[in-house]
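This is what each chain is made of:
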Amino acid sequence: MSDHIDSVCRSGFFQLRQLRVIRSTLTPDCAKMLVHAFISSRLDYCNSLLFGVSNEQLKRLQSVQNAAARLISGTRKFDHITPVLRDLHWLPVTQRITYKLVMLVHKCLSGTAPSYLADSCIPVGSLPGRRQLRSATTGQLFVPRTNTSIGRRSFSVCGPLTWNGLPATLRTSDLSADAFGRALKRHLFDL
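Keep in mind that what you see is a predicted model, and the values were worked out from it rather than measured.

A. The overall build of the chain, seen in detail. Within the chain one finds 10 helices and zero strands. When the elements of the chain are put in sequence order from the N terminus, they spell out α-α-α-α-α-α-α-α-α-α. Along the three orthogonal principal directions, the C-alpha set of the chain runs to about 65 × 35 × 30 Å. Sorting the 191 residues of the chain into buried and exposed places 38% on the buried side. Here the contacts in the chain between residues at least 6 apart in sequence split such that 62% fall between residues at least 24 apart. Within the chain, one finds 25 positive and 11 negative side-chain charges whose respective centroids are separated by 4 Å.

B. Fine view of helix α8 (residues 155–164). Across the 10 residues of α8, eight count as buried, placing the element largely inside the fold. Taken residue by residue, α8 has F155, V157, C158, G159, P160, T162, W163 and N164 as its buried positions. Buried residues along α8 sit against α5 (93–110), α6 (115–118), α7 (149–152), α9 (168–171) and α10 (177–190).

C. Molecular detail of the nonpolar core. Core analysis: the biggest nonpolar cluster contains 45 residues, and V35, L61, W90, F180 and L184 have the highest contact counts within it. At the level of secondary structure, the elements contributing two or more residues to this core comprise α1 (2–22), α2 (28–44), α3 (55–73), α4 (82–88), α5, α8 and α10. Sorting elements by how many residues they give to this core places α3 first, with eight residues. Look past the residues within four positions of L61 in its chain and what remains in contact with it is I5, V8, C9, L43, L50 and V93.

D. Fine view of the packing of α1 against α2. Where α1 contacts α2, the two axes come as close as 9 Å, and the packing angle between them is 170°. In terms of their interaxial angle, α1 and α2 are classed as roughly antiparallel. Together, V8, S11, G12, Q15, L16 and L19 of α1 and L34, V35, F38, I39, R42 and L43 of α2 make up the contact between the two elements. The residue makeup of the contact of α1 with α2, split by class, is eight nonpolar, three polar and one charged.

E. How the structure looks around the environment of L19. Its place among the elements puts L19 in helix α1. Judged by its relative accessible area of 6%, L19 falls in the buried class. Each C-alpha atom, one on L19 and one on L71, is 8.3 Å from the other, the two residues being 52 residues apart in sequence.

F. A look at the side chain of S120. Relative to the elements of secondary structure, S120 occurs in the loop between α6 and α7. Exposure remark for S120: the relative accessible area of 18% places this residue in the buried category.

G. Structural detail: the environment of S54. Summarising the element assignment, S54 is placed in the loop between α2 and α3. As for S54 and M1, which are separated by 53 residues in sequence, their C-alpha atoms are 9.9 Å apart.

H. Molecular detail of the pattern of salt bridges. Applying the stated criterion across every chain yields a total of four salt bridges. The closest approach of N and O atoms between R60 and D6, which form a salt bridge, is 2.4 Å. With a gap of 54 residues between them, R60 in helix α3 and D6 in helix α1 connect regions that are remote in the sequence. Looking at D6, the relative accessible area reads 26%, which means it is partly exposed.

I. Representation of unusual backbone geometry. Of note, C46 is a non-glycine position whose phi angle comes to about 55°, a positive value. Exposure remark for C46: the relative accessible area of 30% places this residue in the partly exposed category. The backbone of H89 shows a phi angle near 60°, a positive value even though the residue is not glycine. Mapped onto the fold, H89 is located in the loop between α4 and α5. On the accessibility criterion, H89 (51% relative accessible area) is exposed.

About the thresholds
Throughout this description, residue numbers start from 1 for each chain and increase along the sequence as written. Totals for whole chains, interfaces and linings use all residues, but because this is a predicted model, local features are given only for residues with pLDDT of at least 70 and pairs of side-chain atoms are given and counted only at 80 or more. Water and hydrogen atoms play no part in the side-chain values, which are based on all heavy atoms of the structure. Segments assigned H or I by DSSP are reported as helices when at least four residues long, segments assigned E as strands when at least two residues long, and all are numbered from the N terminus. Exposed residues in this analysis have more than 50% of their type's maximum accessible area, buried residues have under 20%, and partly exposed residues fall in between, with area computed by a 1.4 Å probe over protein chains only. We call two residues contacting when some pair of their heavy atoms lies within 4.5 Å. His is not counted, nor are the chain ends, whereas Lys and Arg count as positive and Asp and Glu as negative. Where a charge lies is defined by one atom per residue type: Lys uses NZ, Arg uses CZ, Asp uses CG and Glu uses CD. Nine residue types can take part in a nonpolar core, namely buried Ala, Val, Leu, Ile, Met, Phe, Trp, Tyr and Cys, and a core is a set of them joined through side-chain atoms within 4.5 Å. Lines fitted to C-alpha atoms define the axes, with helix axes restricted to the stretch in contact, and inter-axis angles between N-to-C directions lie between 0 and 180 degrees. Should an angle fall under 35 degrees it is taken as roughly parallel, and over 145 as roughly antiparallel, whereas 65 to 115 is taken as roughly perpendicular and any remaining angle as oblique. For this scheme, ten residues count as nonpolar: Ala, Val, Leu, Ile, Met, Phe, Trp, Tyr, Cys and Pro. Four count as charged, namely Asp, Glu, Lys and Arg, and the remainder, Gly too, count as polar. The term salt bridge refers to a pairing of a side-chain nitrogen on Lys or Arg with a carboxyl oxygen on Asp or Glu at a separation within 4 Å.

Everything listed here is a matter of coordinates, which is why it stays silent on function.
Spelled out as structure tokens, the structure:
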């Protein structure tokens, strides 16, 4: 994944240099829209595949997001960036990955995802040949065993694993996709 991250960082910083030249002529809303179109869309593209990537690689992507936030807000290089990200309502890169994975699992459970993905999200209470467990009522999903690090990054493992890490109130709620997304984002901001 390092080649993909290299490409995203290179193109993101290139776009930021281009936007920095014209930043003084843009309104704040226009700057935010352009940054979202050129930078955030690149950071979000296939980011669920980045689950399990080393923190060093994710820090590189986070530096692109931080630079984009600094461009929009006008903060200096050594100012603290977390309040700026909160003001923009942007989740940090690791939490964006979690958000995308959990939303995909929610779509699988609600029946709006393709069947090849939905087949990977099996509630604990509906496992064939097993007795009913107490965890069946908590909304947890079955996490298959794997012996390799690549196997741990597959959706059938990381999706249920991330879902099971959510509070029970989110896992067992019957919210629409939009309401669930807002509640999930609020939960991830509080972490």
